[in-house]
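# Residue-level structure breakdown
Okay, here's what each chain looks like letter by letter:
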Amino acid sequence: MSENELLRCENIHKYFGQVHALEGVDFDVGEAEVVGLVGDNGAGKSTLIKVVCGIYPPTKGKLFFKGEERHFSSPQESLQAGIESIQQDQALVEEMDIKRNFFLGREPKNNVGLLDVRKMARESLSGLMDMGLEIRSPDVEVNELSGGQRQGIAIARALHFNFDLIILDEPTNNLSIKESKKVYEYIRKLKRNNLSAILISHAIQEVYPVSDRIVVLRNGKKIIDKDREEVELDEVETAIIGDIGEEGDLEHIVR
Amino acid sequence: MRKIKDFGWSVGRTTLTWKALSSFISLIVVLAFFYWQVGDILFNKSIVRGSILDLGVNWAIVALPVAMLMISGEFDLSVGSVFALGASGIFKLFQIGLHPLLAFVIILAACALIGFVHASITIKLGIPSFITTLAGMWFWRSVVNAMWSYTPSAPRSAIEYFNNVFGVRMAGGWFYSKFLFLIAIFVILWIVLERTPFGNSIFAAGGNYDAALARGSKPDRTKLVLFILTSTLAGFAGVVSATSAGATMTNTAMGLELYMIAAAVIGGAALTGGVGSLEGAFIGTFLLRYINTGVIQMGIQSKWFQGIIGVVLLLAAVLNRNFRSRVIKRFT
C-alpha cells in the first residue's frame with residue numbers, strides 16, 4: 001500500500017429501498033496507486049464508485065479525499081475536486097474530432113472569446129504524444145480510432161487536466177491482447193505521473209497485470225483487500241463467484 | 001517551395017474533409033444539368049432574384065437553425081406553422097395599429113416563447129421533440145387560422161416600413177436586401193457552431209448525450225437555446241417573407257418543416273444527431289430551390305418537383321453515408 005492516502009471510504013452503507021447494496025465497505029486508494037476493484041454483477045462495485053463520484057449519496061459512512069471529508073452531490077463536484085470517472089459509453093463523442101473531445105466542457109478561449117482551436121490542436125496532440133499514442137492528427141474523428149486508442153485519449157485527457165484519481169470502467173473490455181497491453185502502458189504512465197487509478201472489472205484477469213492492490217466485493221461486502229503480490233488468482237476467482245456448492249446447489253437447479 | 005507544398009496539402013486536406021463537400025458536388029451537378037437543359041436558370045436576373053433567392057432566403061433563415069437543432073439531436077416540425085404565425089401575426093399587429101418596430105419585437109418574443117415551451121416539454125417531461133413539435137405544428141397553425149378568417153392584410157405603410165429594409169433590390173437587381181441579412185445570420189451562426197464552446201456542446205449533445213453531461217458541457221441548456229433560436233428565426237423568416245412580398249396567407253409555409261429537414265440531410269446532417277454543417281444546410285436549401293425552379297423552367301409539370309426532391313434526398317443520404325468517410329480514409 002502507498003504511503004500517502006488519497007481517497008478513503010469509511011464504513012459505507014447504501015440502501016436502495018429494502019436492498020442493502022453496500023454493507024459497511026471500507027475502501028481506500030493511495031497516491032500513485034492503482035487499485036483493481038473486482039466483483040460479479042451486482043456485487044456493489046459500481047454502487048461504490050457512484051458514491052465516490054457523487055452520483056449516489058451514501059446512506060451511512062464517510063468519504064475523505066485528499067485528507068478532507070467530502071459530500072459530493074453531483075459528478076461535477078467530484079470532477080472539480082479531481083476525480084475523473086471514465087465510463088465505457090460516456091468517455092468520448094464519436095462524431096467529434098480528438099481535439100474537440102479532449103477539451104469538451106473545458107474549451108479554451110482566445111482573446112476575442114472564440115474557441116482557441118490552435119491551442120486545442122497543439123495541446124491535445126502533445127498529450128497524445130506524451131502517452132505514446134500514434135495518431136496522425138488531432139483533427140481525426142474518434143469513430144476512426146480503435147478501442148485502445150480511445151482509452152488512451154481518455155487517459156491522456158485526465159492526465160492533461162491534472163486529475164488526482166481516475167476511475168476506469170472495464171478498461172480493456174473488447175480489446176485485443178495487443179491493445180490491452182497498450183492500455184496497461186497508459187495506466188502505468190498515469191502512475192509514473194503520481195496519479196492514482198481505480199480499475200473496475202468483473203474479471204480479475206483484466207486488472208491483475210497493472211493493479212498494485214486487488215479489492216474484491218461480493219454481495220455488498222469487501223471480502224478481499226490484498227497487495228497484488230499476495231494474491232492468488234484462484235483465490236480471487238473463487239471469492240468473486242462464491243463457493244457454489246455451499247450457497248446454491250447448482251446440480252440441483254440444473255435438474 | 002516546401003511551404004507552397006505544405007499550403008497546397010493543407011488546402012487539399014481542408015477541402016476533402018469539408019463536411020459539406022458532397023452536398024456541394026450535388027449542387028454543381030444539379031446546376032450543370034439545368035444549365036445544359038435551360039441555361040436561363042443561372043443567368044436570368046429575374047429568375048435568380050425571384051425564384052431562387054427570394055424564396056431561398058426565407059427558407060434558408062429557417063434551415064440554418066433547424067440544422068443546428070438536428071446536430072444537437074432534436075427536431076422541430078413546427079417551423080412551418082411558426083413561420084406562418086410570424087407572417088400572419090405581424091400583419092395582425094400592423095392592422096391593430098402598433099408601431100411596426102414594436103410589432104416586430106412582440107412577434108419575435110412570442111416566437112421565442114414558443115421555442116421555450118417546445119424545449120421545456122421536450123427536456124423536462126422527456127417527450128421526444130418529434131412529438132412535441134408535431135403537436136406544435138398543428139397547434140400554432142390553428143392559432144394562425146383563428147387569427148384570420150380571411151386573407152391576412154395590413155396597412156401599406158407598415159408593410160413598406162419593413163419592405164424598405166428587407167425588400168430593396170440590390171446589385172443591379174440580382175437580389176433583395178434580405179439576402180444580406182441571411183449572409184449575416186449565416187456568418188454569426190457559423191462562428192457560433194464551429195468556433196465557440198457552445199458550438200462544441202451542440203455537436204456533443206447530439207453525438208453522445210451522456211458524454212456531454214459527464215464532461216459538464218450542459219446538453220439540456222444547449223438544446224433549450226437552440227429550440228428558442230429555431231422558433232425565433234422561423235418567425236423572423238415569416239416576417240421577412242410577408243413584408244418583402246407585401247402579402248401572406250394563413251396556409252403559407254405548409255410542409256416547410258420537411259423541406260428544412262431535407263435541406264439539412266442533403267447538407268450532411270444525420271437524423272441521429274452529432275453530424276452536420278451550416279454550409280451544408282445552406283447549400284441544401286438552394287439546391288431545393290434550384291431543383292424547383294429548374295423543373296418548372298424545363299417545362300416538366302411542377303407536380304414532379306416533389307418526386308425529384310425525393311430522389312435527390314435519397315441520393316444525398318447515400319452519398320453522405322459513404323462518401324466522406326471513404327474520402328477521409330483514402331486521402332488524409
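These numbers were taken from a predicted model, which means no experiment stands behind them. (Residues numbered from 1 in each chain as written. Chains lettered and ligands numbered in written order. Predicted model: local features only at pLDDT ≥ 70, side-chain atom pairs only at ≥ 80, totals over all residues. Heavy atoms only, no water.)

## Considerations on the overall build of chain B
- The number of helices and strands found in chain B is 15 helices and two strands.
- By the compact-globule yardstick of 20 Å for 332 residues, chain B fits well, its C-alpha radius of gyration being 20 Å.
- When the backbone C-alpha atoms are referred to their principal axes, chain B occupies close to 65 × 55 × 40 Å.
- Residues classed as buried in chain B amount to 53% of the 332 residues present.
- Pairs at least 24 apart in sequence give 78% of the contacts found in chain B among residues at least 6 apart.
- Distance between charge centroids for chain B: 6 Å, based on 25 positive and 11 negative side chains. (Helix = DSSP H or I, 4+ residues; strand = E, 2+ residues; numbered from the N terminus. Rg over C-alpha atoms; globule rule 2.2 N^0.38 Å. Buried < 20%, exposed > 50% of the residue type's maximum accessible area, 1.4 Å probe, protein only. Contact = heavy atoms within 4.5 Å. Lys, Arg positive; Asp, Glu negative; His and termini not counted. Charge placed at Lys NZ, Arg CZ, Asp CG, Glu CD.)

## A few points about the confidence of the model for chain A
Residue and element names in this part refer to chain A.
- Chain-level statistics for chain A give a pLDDT mean of 86 and a share of 94% at 70 or above.
- Mean pLDDT values over the elements of chain A span from 45, in helix H10 (residues 250-254), up to 94, in strand S3 (residues 34-38).
- The low-confidence segment residues 247-255, where pLDDT is below 50, has four contacts with residues more than four positions distant or belonging to other chains. (pLDDT = per-residue confidence, 0-100.)

## Some words on the interface of chain A and chain B
- Listed by partner, the interface residues are 25 residues for chain A and 26 residues for chain B.
- Counting each side, the surface lost to burial between chain A and chain B is near 2200 Å², with a carbon and sulfur contribution of 50%.
- On the chain A side of the interface with chain B, the three residues burying the most area are Gln90, Arg100 and Leu104 of chain A, jointly 23% of the side's total.
- For the interface between chain A and chain B, the tally reads one salt bridge.
- For glutamate 84 of chain A, the salt bridge is made with arginine 215 of chain B, and the minimal N-O distance between the two is 3.1 Å. (Buried area = accessible area lost by both parts, 1.4 Å probe. Salt bridge = Lys/Arg side-chain N within 4 Å of Asp/Glu carboxyl O.)

## Quick notes on the pattern of salt bridges
Residue and element names in this part refer to chain A.
- Within the structure shown, the criterion is met by 19 salt bridges over all chains.
- A salt bridge links arginine 213 to aspartate 225; its shortest N-O distance comes to 2.8 Å. With a gap of twelve residues between them, arginine 213 in strand S9 (residues 213-218) and aspartate 225 in strand S10 (residues 221-227) connect regions that are remote in the sequence.
- Taken together, the shared-partner salt bridges connect Asp28, Glu33, Arg213, Lys222 and Asp225 into one network.

## Some remarks on the environment of arginine 215 of chain B
- Within the element layout of this structure, arginine 215 of chain B appears in the loop between helix H11 (209-214) and helix H12 (219-245).
- For the pair arginine 215 of chain B and alanine 204 of chain B, spaced eleven residues apart in sequence, the C-alpha to C-alpha distance is 9.7 Å.
- The residues touching arginine 215 of chain B, leaving out its near neighbours within four places in the chain, are Glu84, Ala91, Leu104, Gly105, Arg106 and Arg157 of chain A.
- Polar side-chain contacts of arginine 215 of chain B include one of 3.1 Å to the side chain of glutamate 84 of chain A. (Polar contact = N/O pair within 3.5 Å; in protein donor to acceptor, adjacent residues only side chain to side chain.)

## Observations regarding the confidence of the model for chain B
All names here are of chain B.
- In the predicted model, chain B carries a mean pLDDT of 89, and the fraction of residues at 70 or more is 95%.
- Ranking the helices and strands of chain B by mean pLDDT puts helix H6 (residues 100-125) first, with 97, and helix H1 (residues 2-16) last, with 69.
- For this predicted complex, the interface confidence comes out at an ipTM of 0.83, alongside a pTM of 0.87.

## Brief notes about helix H10 (residues 197-207) of chain B
- Of all eleven residues in H10 of chain B, nine are buried, a share of seventy percent or more.
- Where the residues of H10 of chain B are buried, they touch helix H3 (98-102) of chain A together with helix H4 (45-71), helix H9 (178-195), H11 and H12 of chain B.

## Overview of the packing of H6 of chain B against H12 of chain B
Residues and elements named next belong to chain B.
- Two elements in contact, H6 and H12, have axes whose closest approach is 7 Å; the angle formed by their N-to-C orientations is 145 degrees. For the crossing formed where H6 meets H12, the hand is right-handed. Each of Phe104, Ile107, Leu108, Cys111, Ala112, Ile114, Gly115, Phe116, His118, Ala119, Thr122 and Ile123 in H6 lies in contact with H12, whose residues at this interface are Asp220, Lys223, Leu224, Phe227, Ile228, Ser231, Thr232, Gly235, Phe236 and Val239.
- For the contact of H6 with H12, the per-class residue count stands at 14 nonpolar, six polar and two charged. (Axes fitted to C-alpha atoms, helices over the stretch in contact; angles between N-to-C directions. Left-handed = near helix turned anticlockwise from the far one by under 90°. Nonpolar A, V, L, I, M, F, W, Y, C, P; charged D, E, K, R; others polar.)

## Some remarks on the packing of aromatic side chains
- Using the criterion set out here, one finds 21 aromatic pairs over all chains in the structure.
- Chaining the aromatic ring pairs together yields one cluster made of Phe91, Phe94, Phe104, Tyr161, Phe162, Phe166, Phe181 and Phe236 of chain B.
- Residue placement shows arginine 8 of chain A over the ring face of phenylalanine 64 of chain A; its charged tip is 4.5 Å from the ring centre.
- The ring of tryptophan 148 of chain B carries lysine 92 of chain B above its face, with NZ or CZ at 4.2 Å from the centroid. (Phe/Tyr/Trp six-rings, centres within 6.5 Å; stacked < 30°, edge-to-face > 60°. Lys NZ or Arg CZ within 6 Å of the ring centre and 35° of its normal.)

## A short note on the pairing of strand S4 (residues 60-65) of chain A
Residues and elements named next belong to chain A.
- With five bridges connecting them, strand S1 (residues 5-16) and S4 associate as antiparallel partners. Looking across to S4, one finds that histidine 13 is bridged to lysine 60.
- Relative to strand S5 (residues 68-69), S4 runs antiparallel, the two sharing two bridges. From the neighbouring strand, phenylalanine 65 faces S5, where its bridge partner is glutamate 68.
- If you look at the hairpin formed by S4 and S5, you'll find two residues sitting between the two strands, and lysine 66 has a positive phi there, around 55 degrees. (Pairing = 2+ DSSP bridges.)

## Remarks on the sheet that holds S5 of chain A
All names here are of chain A.
- Spatial ordering of the open sheet is given by S2-S1-S4-S5, a layout of four strands whose pairing is antiparallel. The strands lining the two open edges of the sheet, one partner per strand, are strand S2 (19-30) and S5.
- Against the sheet, helix H1 (residues 45-52) contacts S1, S2 and S4, and its axis sits at roughly 65 degrees relative to S2.

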